[in-house]
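Fold and geometry: a report
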Amino acid sequence: MNRSLLTVAIRYEQDVVIARQRARQIAALLGFEGQDQTRIATAVSEIVRNAFRYAKGGRVEFALEGLSTPQLLLIRVQDQGPGIPNLTHIMSGDYRSSTGMGMGILGAHRLVDQVEIKSSPTGGTDVLLKMILPPRAPLVTAAAFNQIVKELTSKPPVGALEEIQEQNRELVRTLGELRERQSELLHLNRELEDTNRGVVALYAELDEKADHLRRADEMKSRFLSNMSHEFRTPLNSIQALSRLLLQHSDGELTAEQAKQINFISKAANDLTALVDDLLDLAKIEAGKIEVRPIEFNVGNLFSALRGMLRPLLAGDSVRLVFEEPEVPLDLFNDEGKVSQILRNFISNAIKFTERGEVRVTAALTEDRSRVCFAVTDTGIGISREYQESIFEEFTQIPNPLQAKVKGTGLGLPLCRRLARLLGGEVHVSSEVGVGSVFAATLPLHFEEAGVAAAAAIELPIEAGLMPVIIVDDEAELRHIMAKYLRESRYQPLVARNLREARELMQRVRPQAIVLDIVLKGEDSWRWLSELKSTPATASIPIIIVTTVDDERKALALGADAYCIKPISEEWLLGELDSLTARRVLVIDDDPAARYLMQKLLEDTNVCVIEARDGRSGLAAARRSKPALIFLDLNLPDLGGEDVLEALKADLDLQQVPVAIVTSALVSRDQRERLGRHAQSVMQKSELDSARARSILTLNGLG
């Protein structure tokens, strides 16, 4: 519930001045900077002046909403006047009035984050101004709130003359700031002109050097790739012929001949492994290696590696142990490349371990977004001075087993390149004579850098599916929510941050947005406010999924649903179905009439919402934003015509088509009057399934 700071009654003209003073005072106490204080005070002054001028008075209430930063300042100005005629025209910006009517509303709309206006001839006008507190403003706790209230009550407002003097000071400060900024801009422009000349010359030189390096790098990659392919042809022949000879296809071999051919075969296999590593490195450098992510289980991967690598063990002096994860681990990544990294780690560990064990493990990192694969051995170890250089191509370090163990110096560099390609990194810790630990930390869910949103943008929206943008900076949660939607009528489009979400919205209009309100280093609260205060996006349902318990603030800024993580598939799909369903509102005090409408529309793809009187009908319309309204004229509280007038005076509802369905006799004059705002007028006796469906079809709901 929001907390009320202060209420000011508007009875006399000087109360307009008092409301402005209080607005500035409250804004200062809440941590707004000077310019924002003036903006808030001016917006309040304009709306309060309208209330006094056109409604002969009213009241203004200042309140605070939110349990977490940034909190929300709410300013409600209410009157019991005749309402605002031509409100739609005024808000469009095209309205011109000789009295200046409407200019204050438009001005206030530009000065604060959000403005909500409800106005009717019978209910007066209710204007709600919303301003998000600045990021640096401290959280207003209960104690701080009480202190603000105490300060407000202890400082009476100043007189009109002092207020005019304060406004003059504000104007002088603003003009001074404008002059300073103009001077700064002129100075910056001169500096930029000088800098640009230097940058242009520097870029030309850098482009030339970059082009030279690019050509050299391309030549190296092309050479490695071509040579690798050229080597493979004779190597394949050597291996095939060696196998034929060892299989005695052309007669028996002597023991010496068999020994020599085994040496030839082993040398060919070693050279083939070297060529394969060279080719992989060349592909990575040339950007031609492709990542093919699939969902796989770590336990199954370990099982495959166990069968593949056990033959490398020379005897019983070394044990190869695969430690099963404590809980089942599933990754969405390139299984082949993960396997290649681990094969290199394990084969190296076996080579350089004469006795003891080689242990392979996998565990989630603390943030549960990555998996750390580790290969621990009890081998000869690596001294600290070589622990970085072993990841450089063709590097071999001196070791006690050098005479027995040969290598190419390409395995570990390839592991590092592959891990980085998969969005991870490799690490080593080692002690000479004790052993080594080689680890690869990889993301649970692979996302190529910079293409998460782009990939979704390029993906065409499938026919019959409704696009839903999921904005979350945690890869695991994006993956889970996208998986929830995969078999539904929604097409998930994922974004890791607000920039990617904005890029998506430039190309696709989503049917809904699922937003994590706590994104690293980003003001998601303000983005929520922007979406809901911009006419083009205000109708898009926004579901907040977060770890912050501040539902009332989110709803005040326009969020349509709110949930604390974790969420279930049933909840998410249920909320999406509820928010994206094509809703039809039936306002009728007769339960039988409402039941009949439910039955007439039950086989259609619409969600029927019921209201049993005019006031609850207006509340339901504002809450659910229906695509169509069926309205009875004889209601117990408000007349049907009054409800119709209120609907057409509401900015959010004035475009909603209304079908009058009544049992009352409607005169020709009344029918003409209703026809100015209602799409159709009919007797309840005329309504059947065909007529109801034709109204749906007319409004694109059939």
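A short tour of the structure in this document, coming up.

The rules behind the values
Residues numbered from 1 in each chain as written. Predicted model: local features only at pLDDT ≥ 70, side-chain atom pairs only at ≥ 80, totals over all residues. Heavy atoms only, no water. Buried < 20%, exposed > 50% of the residue type's maximum accessible area, 1.4 Å probe, protein only. Helix = DSSP H or I, 4+ residues; strand = E, 2+ residues; numbered from the N terminus. Pairing = 2+ DSSP bridges. Right-handed = clockwise from strand over helix to strand, strands pointing away. Patch = residues over 30% accessible without salt bridge, like charges linked within 9 Å, V, L, I, M, F, W, Y side chains within 5 Å. Areas by Shrake-Rupley, 256 points an atom, 1.4 Å probe, with all protein chains shown as cover. Salt bridge = Lys/Arg side-chain N within 4 Å of Asp/Glu carboxyl O. Axes fitted to C-alpha atoms, helices over the stretch in contact; angles between N-to-C directions. Contact = heavy atoms within 4.5 Å. Phe/Tyr/Trp six-rings, centres within 6.5 Å; stacked < 30°, edge-to-face > 60°. Lys NZ or Arg CZ within 6 Å of the ring centre and 35° of its normal. Parallel < 35°, antiparallel > 145°, perpendicular 65-115°, else oblique. Left-handed = near helix turned anticlockwise from the far one by under 90°. Arc of directions from axis to C-beta. Polar contact = N/O pair within 3.5 Å; in protein donor to acceptor, adjacent residues only side chain to side chain. Expected span 1.5 Å × (residues − 1).

**Some thoughts on the pairing of strand 15 (residues 512-515)**
- What you see with strand 15 is no split at all: Ala512 and Val514 on one side and Ile513 and Leu515 on the other are buried throughout.
- Looking at chain direction, strand 15 and strand 16 (residues 542-546) are connected through 3 bridges and run parallel. The residue bridging valine 514 from the neighbouring strand is isoleucine 543, located in strand 16.
- Read from strand 15 through helix 14 (residues 524-533) to strand 16, the crossover connection turns out right-handed.

**Topic: a nonpolar patch on the surface**
- On the surface, a cluster of nonpolar side chains totalling about 280 Å² of accessible area is made up of Leu185, Leu188 and Leu192.
- Counting through the fold element by element, leucine 192 comes out in helix 6 (residues 160-246).
- Residue class for leucine 192 comes out partly exposed when judged on its relative accessible area of 46%.

**Some thoughts on the sheet that holds strand 1 (residues 3-10)**
- Reading across from one edge, 1-2-3-5-4 is the order of the 5 strands in this open sheet, with antiparallel pairing throughout. This sheet does not close on itself; its edge strands, each paired only once, are strand 1 and strand 4 (114-120). On average, adjacent strands in this sheet sit at an angle of 15° to one another, irrespective of strand direction.
- Sheet topology places strand 2 (residues 58-65) next to strand 3 (residues 72-79); 7 bridges connect them, and they run antiparallel. Each bridged residue has a counterpart across the sheet, and for arginine 59 the counterpart in strand 3 is glutamine 78.
- Against the sheet, helix 5 (residues 142-154) makes contact with strand 1 and strand 2, and its axis sits at roughly 20° relative to strand 1, the strand it touches most.
- Contacting strand 4 and strand 5 (124-132), helix 14 runs over the sheet at an angle of about 35° to strand 4.

**Considering the sheet that holds strand 18 (residues 582-587)**
- Here we have 5 strands laid out as an open sheet, ordered 19-18-20-21-22, and parallel in their pairing. Across the chains shown, the open sheet's two edge strands, defined by having one partner strand only, are strand 19 (606-611) and strand 22 (680-683). Averaged over all pairs of adjacent strands, the angle between their axes in this sheet comes to 20°, without regard to strand direction.
- Relative to strand 20 (residues 628-631), strand 18 runs parallel, the two being bridged by 4 bridges. Its bridge partner lying in strand 20, isoleucine 587 is registered against leucine 631.
- Against the sheet, helix 19 (residues 640-649) touches strand 18, strand 20 and strand 21 (658-662), its axis set at about 160° to strand 20.

**Structural notes on the pattern of salt bridges**
- Taken as a whole, this structure holds 32 salt bridges when the rule is applied.
- Here arginine 359 ties to glutamate 323 by a salt bridge, and the two come within 2.9 Å at their closest N and O atoms. Placement of arginine 359 in strand 9 (residues 356-364) and of glutamate 323 in the loop between strand 7 (318-322) and strand 8 (330-333) is noted, with a sequence separation of 36 residues between them.
- The partly exposed category is assigned to glutamate 323, whose relative accessible area is 36%.
- Notably, a salt bridge pairs glutamate 425 with arginine 420, separated by 2.9 Å at the nearest N-O pair.
- With a relative accessible area of 46%, arginine 420 lands in the partly exposed category.

**Here we look at the packing of aromatic side chains**
- Scanning all chains against the criterion turns up 4 aromatic pairs.
- When the centroid spacing of 5.6 Å and the interplanar angle of 40° are considered together, the rings of phenylalanine 345 and phenylalanine 438 count as tilted. Of this pair, phenylalanine 345 sits in helix 9 (residues 335-351) while phenylalanine 438 sits in strand 12 (residues 435-443), placing them 93 residues apart in sequence. Exposure class is identical for phenylalanine 345 and phenylalanine 438. Each is buried.
- In this arrangement the basic side chain of arginine 416 is found over the ring face of phenylalanine 391, its NZ or CZ atom lying 4.4 Å from the centre.
- The positively charged end of lysine 553 is found above the aromatic ring belonging to tryptophan 525, 3.9 Å away from the centroid.

**A look at the packing of helix 8 (residues 298-309) against helix 9**
- At their nearest, the axes of helix 8 and helix 9 sit 11 Å apart, and the two run at 45° to each other. As far as their axial angle goes, helix 9 and helix 8 are oblique. Where helix 8 crosses over helix 9, the two elements pack in a sense that is right-handed. Across from Leu301, Phe302, Leu305, Met308 and Leu309 in helix 8, the residues of helix 9 making contact are Glu335, Val338, Ser339, Leu342, Arg343, Ile346 and Ile350.

**Examining helix 21 (residues 689-698)**
- When we look at burial in helix 21, the residues that qualify are Ala692, Ile695 and Leu696. Considered in projection along helix 21, the buried side chains sweep an arc of 100° and stay on one side of the axis. Seen from the open side of helix 21, the exposed residues pointing more than 90 degrees away from its buried face are Ala690, Thr697 and Leu698.
- For helix 21, the elements touching its buried residues are strand 18, helix 17 (591-600), strand 19, strand 20, strand 21 and strand 22.
- Two or three places before alanine 690, at the start of helix 21, stands the capping residue aspartate 688, its side-chain oxygen 3.3 Å from that residue's backbone nitrogen.

**Side note on the environment of leucine 30**
- Along the polypeptide, leucine 30 turns up in the loop between helix 1 (13-29) and helix 2 (34-55).
- By relative accessible area, leucine 30 is classed as buried at 2%.
- Linking leucine 30 and leucine 139, residues 109 residues apart in sequence, is a C-alpha distance of 9.1 Å.
- Excluding residues within four positions of it along the chain, leucine 30 makes contact with Leu5, Leu64, Leu73, Leu133, Ala137, Val140 and Ile148.

**Some details on the environment of proline 82**
- Summarising the element assignment, proline 82 is placed in the loop between strand 3 and helix 3 (87-92).
- Separated by 41 residues in the primary sequence, proline 82 and glycine 123 place their C-alpha atoms 7.7 Å from one another.
- Ignoring any residue separated from it by four or fewer positions in sequence, one finds proline 82 in contact with Tyr54, Ser120 and Pro121.

**Concerning helix 12 (residues 475-486)**
- Between its first and last C-alpha, helix 12 extends 16 Å over 12 residues, near the 16 Å set by a 1.5 Å rise per residue.
- Every buried residue belonging to helix 12 is among Ala475, Arg478, His479, Met481, Ala482, Tyr484 and Leu485, and all of these are buried.

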